[in-house]
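Examination of the molecular architecture
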Amino acid sequence: MRQALVALVIGLASFVLSWRSGADETPVRSNQAVATPPHRFLPADAVAAWTMDGSDAHQPAVKLTASWKALEDTQYLARIFDLLQMFIETTGEQNGVVVRQLVDHIRVHGVSAALAIRGPGNVLPVPDSPFAVTVLHNAEKFLPLVDGIVRRFFAARGVQVEDRQLGKRTLSTIFFPAPLPSGTPELSWWSEGGHFVLCAGIAAAERVAE
């Protein structure tokens with residue numbers, strides 16, 4: 001287990017350092033424009049925001065970089081991902097496969113995230129409450145797989161996932177049994193505009209920009 005944890009840490013560090021690299025064999029990519037830009041879901045008044053556009057936006061220039069030769073040509077990153085997959089597979093063999101594919105997809109296509117205090121329309125009785133939004137670019141195809149993993153994980157701990165409709169969005173939500181003065185914390189996820197969207201906080205889904 002100790003070796004697996006070390007491998008996980010090294011894998012995550014390598015992923016952060018090598019996101020510009022790409023791989024010789026990457027997931028199938030589409031050149032069609034996505035209807036909804038990823039940043040569209042991020043709150044305009046976010047106190048912190050971060051985006052990574054992924055290696056796909058930098059091909060073929062990245063193949064000329066030193067990081068490509070150090071991590072891709074030597075297959076070093078692939079071996080690190082093997083260890084990461086082995087670590088995740090301790091929770092289920094299929095889980096390791098899905099997580100590896102998702103991590104590689106993020107490395108290629110990118111991710112955006114933001115932390116905000118208020119949301120559109122100040123929907124909360126106490127609007128000054130933090131919530132976070134994460135958008136996995138072009139990753140809606142992973143929704144069924146990740147949804148299944150999350151449901152099984154929480155079901156084993158006696159927590160049910162609630163399916164609900166919020167405007168035009170069909171959400172999966174977990175409400176945590178720890179209500180605060182301003183409401184009950186939630187974790188929600190759905191696909192929209194070709195992306196996989198996740199949010200967390202008090203009334204988080206209601207506060208994600210449409």
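Residues numbered from 1 in each chain as written. Predicted model: local features only at pLDDT ≥ 70, side-chain atom pairs only at ≥ 80, totals over all residues. Heavy atoms only, no water.

Notes on unusual backbone geometry
For Asn138, which is not glycine, the phi torsion reads 55° and is therefore positive. Inspection of the secondary structure assignment puts Asn138 in the loop between β3 (131–136) and α5 (143–155). In this model, Ala203 sits at a positive phi of 50°, which is unusual for a non-glycine residue. Looking at where Ala203 falls in the secondary structure, it is placed in the loop between β7 (195–202) and α6 (204–207). Relative accessible area serves as the criterion here: at 16%, Ala203 is assigned to the buried category. (Helix = DSSP H or I, 4+ residues; strand = E, 2+ residues; numbered from the N terminus. Buried < 20%, exposed > 50% of the residue type's maximum accessible area, 1.4 Å probe, protein only.)

Regarding a nonpolar patch on the surface
Taken together, the side chains of Val47, Leu115 and Ile117 present a nonpolar region at the surface, about 230 Å² in accessible area. Considering the arrangement of structural elements, one finds Leu115 in strand β2 (residues 111–116). (Patch = residues over 30% accessible without salt bridge, like charges linked within 9 Å, V, L, I, M, F, W, Y side chains within 5 Å. Areas by Shrake-Rupley, 256 points an atom, 1.4 Å probe, with all protein chains shown as cover. Salt bridge = Lys/Arg side-chain N within 4 Å of Asp/Glu carboxyl O.)

Considering the pairing of strand β5 (residues 169–175)
With five of seven residues buried, β5 is to be regarded as a mostly interior element. In this structure, strand β4 (residues 162–166) lies alongside β5, joined through five bridges in antiparallel fashion. Residue pairing for β5: Glu162 is matched across the bridge by Thr173. Linking β4 back to β5 in an antiparallel pair, the connection comprises two residues, with Gly167 at a positive phi of about 65°. (Pairing = 2+ DSSP bridges.)

Some thoughts on the nonpolar core
Counting residues in each nonpolar core, the largest one holds 17 residues, and the members touching the most others are Leu136, Val146, Trp189 and Phe196. Listed by contribution, the elements that provide at least two residues to this core are α4 (93–109) and α5. Counting 14 residues, the second-largest nonpolar core is a separate cluster that includes Val133, Val135, Leu171 and Ala204. (Core = buried A, V, L, I, M, F, W, Y, C linked by side-chain atoms within 4.5 Å.)

Some words on the side chain of Arg169
When you line up the elements, Arg169 lands in strand β5. A relative accessible area of 5% places Arg169 in the buried class. Beyond its immediate chain neighbours, meaning those up to four positions away, Arg169 contacts Phe41, Arg164, Trp190, Glu192, Ala205, Val208, Ala209 and Glu210. (Contact = heavy atoms within 4.5 Å.)

Concerning the confidence of the model for the protein
In the predicted model, the protein carries a mean pLDDT of 76, and the fraction of residues at 70 or more is 63%. Ranking the elements of the protein by mean pLDDT puts helix α1 (residues 2–17) last with 43 and β3 first with 96. (pLDDT = per-residue confidence, 0-100.)

Section: the sheet that holds strand β1 (residues 48–52)
Across the sheet, seven strands lie side by side as β1-β2-β3-β7-β6-β5-β4; this open sheet has antiparallel pairing. Since the sheet does not close on itself, it has two edges, and those belong to β1 and β4, each with one partner. Taken pair by pair, the neighbouring strands of this sheet meet at an average axis angle of 20°, ignoring direction. Bridging between β5 and strand β6 (residues 185–192) involves four bridges; their strand directions are antiparallel. Within β6, the residue paired with Ile174 across the bridge is Leu187. (Axes fitted to C-alpha atoms, helices over the stretch in contact; angles between N-to-C directions.)

Overview of the side chain of His105
Tracing the backbone through its elements, the reader meets His105 in helix α4. Its relative accessible area of 2% is what places His105 among the buried residues.

A few points about the packing of aromatic side chains
Tallied over the entire structure, the rule returns two aromatic pairs. Relative to Phe154, the ring of Phe153 has its centre 5.2 Å away and its plane inclined at 85°; by these criteria the two rings are edge-to-face. Note on Phe154: relative accessible area 17%, which makes it buried. Ring plane angle 65° and centroid distance 6.4 Å describe the contact between Phe154 and Phe176, whose orientation is recorded as edge-to-face. (Phe/Tyr/Trp six-rings, centres within 6.5 Å; stacked < 30°, edge-to-face > 60°.)

Section: the environment of Phe176
With respect to the helices and strands, Phe176 occurs in the loop between β5 and β6. Phe176 sits in the partly exposed class, given a relative accessible area of 31%. In this structure, the C-alpha to C-alpha distance between Phe176 and Val159, residues 17 residues apart in sequence, is 8.4 Å. If sequence neighbours within four positions are ignored, Phe176 has contacts with Phe154, Thr184, Pro185, Glu186 and Leu187.

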